[in-house]
Amino acid sequence: MTDFQTKREVFFKNALNLFESAYTYAETGDFKASATFILKALDQERRASDIGPQVLQLIKTKT
């Protein structure tokens, strides 16, 4: 497993844990806390998708 995959998995696991916390808070009626956990989980998903080479960095134009 590459370093990129390991980091990506860590971010996705963190996101999953945060989504589970959001679900728990939503069940108890604390929607503000639930929303906060959802936003944190979405940030972790975004970070996971940003790991690794970016397509724009791989494309080089010929002059």
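Conventions used here
- Residues numbered from 1 in each chain as written.
- Predicted model: local features only at pLDDT ≥ 70, side-chain atom pairs only at ≥ 80, totals over all residues.
- Heavy atoms only, no water.
- Helix = DSSP H or I, 4+ residues; strand = E, 2+ residues; numbered from the N terminus.
- Expected span 1.5 Å × (residues − 1).
- Buried < 20%, exposed > 50% of the residue type's maximum accessible area, 1.4 Å probe, protein only.
- Contact = heavy atoms within 4.5 Å.

**A short note on helix α1 (residues 3-28)**
Between its first and last C-alpha, α1 extends 38 Å over 26 residues, near the 38 Å set by a 1.5 Å rise per residue. Within the span of α1, buried status applies to Ala15, Leu18 and Ala22. Where the residues of α1 are buried, they touch α2 (31-49). Backbone geometry just downstream of α1 places Gly29 in the positive-phi region, at approximately 95°.

**What to know about the environment of Ala22**
Inspection of the secondary structure assignment puts Ala22 in helix α1. Here the alpha-carbon distance between Ala22 and Ala41, two residues 19 residues apart in the chain, equals 8.9 Å. Aside from chain neighbours lying at most four places away, what touches Ala22 is Ser34, Phe37 and Ile38.

Keep in mind these values describe shape, not function.
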